[in-house]
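Chains, contacts and geometry: an overview
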Amino acid sequence: NSADAQVAVQAIKMAVVQAVGEFNPKAIDLFIAGPAALAVALGHRWNALPTTQLYEFVVGERRYVPTVKLG
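Quick caveat, the model's predicted, so the values are computed rather than measured.

Moving on, we come to the overall build of the protein. Helix and strand content of the protein: two helices and three strands. In the protein, the succession of helices and strands from N to C terminus is α-β-α-β-β. In the protein, buried positions account for 23% of the 71 residues. Approximately 5,100 Å² of the protein is accessible, and the part contributed by carbon and sulfur atoms is 58%. Separation of charge centres in the protein, based on 6 positive and 5 negative side chains, amounts to 6 Å.

Turning to its location among the elements, Q53 is positioned in strand β2 (residues 51-58). Polar side-chain contacts of Q53 include one of 3.2 Å to the backbone oxygen of V68. Once residues lying within four places of it in the same chain are set aside, the contact partners of Q53 are I28, D29, L30, P66, T67, V68 and K69.

This brings us to the nonpolar core. With 11 residues, the main nonpolar core is built from V9, V16, V20, I28, L30, L38, A41, L42, W46, L49 and L54. Ignoring anything within four residues of it in the chain, the contact list for I28 reads V16, V20, P50, T51, T52 and Q53.

Two strands in a sheet stick together by hydrogen bonds in their backbones, pointing the same way (parallel) or opposite ways (antiparallel). Spatially, the three strands line up as an open sheet ordered β1-β2-β3, and their pairing is mixed. On the outer flanks of this sheet lie β1 (27-30) and β3 (63-70), each paired with one strand and no other. Averaged over all neighbouring strand pairs, the angle between strand axes comes to 25°, with direction disregarded. Where β2 and β3 come together, six bridges link them in antiparallel fashion. Counted as the bridge partner of Y55 is P66 from β3.

Cut-off values and rules
Sequence order sets the numbering: in each chain, residues are counted from 1 along the sequence as written. In keeping with the model being predicted, local features are shown solely for residues with a pLDDT of at least 70 and side-chain atom pairs are shown and tallied solely at 80 or more, while totals for entire chains, interfaces and linings include all residues. With hydrogens and water excluded, all non-hydrogen atoms of the structure serve as input to the side-chain values. We count a stretch as a helix when DSSP gives it H or I for four or more residues in a row; a strand needs E for two or more, and each element gets its number in order from the N terminus. Per-residue accessibility, obtained with a 1.4 Å probe over protein chains only, is compared with the maximum for each type, and a residue is labelled buried under 20%, exposed over 50%, and partly exposed between these values. We get accessible surface area from the Shrake-Rupley algorithm with a probe of 1.4 Å; when it comes to residues, only the shown protein chains can shield them. Positive charge is attributed to Lys and Arg, negative charge to Asp and Glu, and no charge count is given to His or to the chain ends. Where a charge lies is defined by one atom per residue type, namely NZ (Lys), CZ (Arg), CG (Asp) and CD (Glu). Identification of polar contacts relies on pairs of N or O atoms within 3.5 Å, with a donor-acceptor requirement for protein atoms, meaning one able to donate a hydrogen and the other able to accept it, and with residues adjacent in sequence counted only if both atoms are side-chain atoms. Note on contacts: a residue pair qualifies if any of its non-hydrogen atoms lie within 4.5 Å across the two residues. Side-chain atoms within 4.5 Å are what join buried Ala, Val, Leu, Ile, Met, Phe, Trp, Tyr and Cys residues into a set we call a nonpolar core. Any two strands between which DSSP finds at least two bridges are classified as paired. Axes here mean lines fitted to C-alpha atoms, for a helix over just the part in contact, with angles spanning 0 to 180 degrees between N-to-C directions.

Written out as structure tokens, the structure is:
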């Protein structure tokens, strides 16, 4: 449900914020295995983070391809 998605989004964002604070990267490559709705919800909360490249796993090709860049 949407409440569970928001809890997951908050946990993911907090983990990324902590890592960004520790490592100070110029950019992030983010790989997530989950529903597209989770990625959309994350995008809405991704402000104030470094530029982030998102990837999608293409099952037929068995590889990740870049999809969207945030930032």
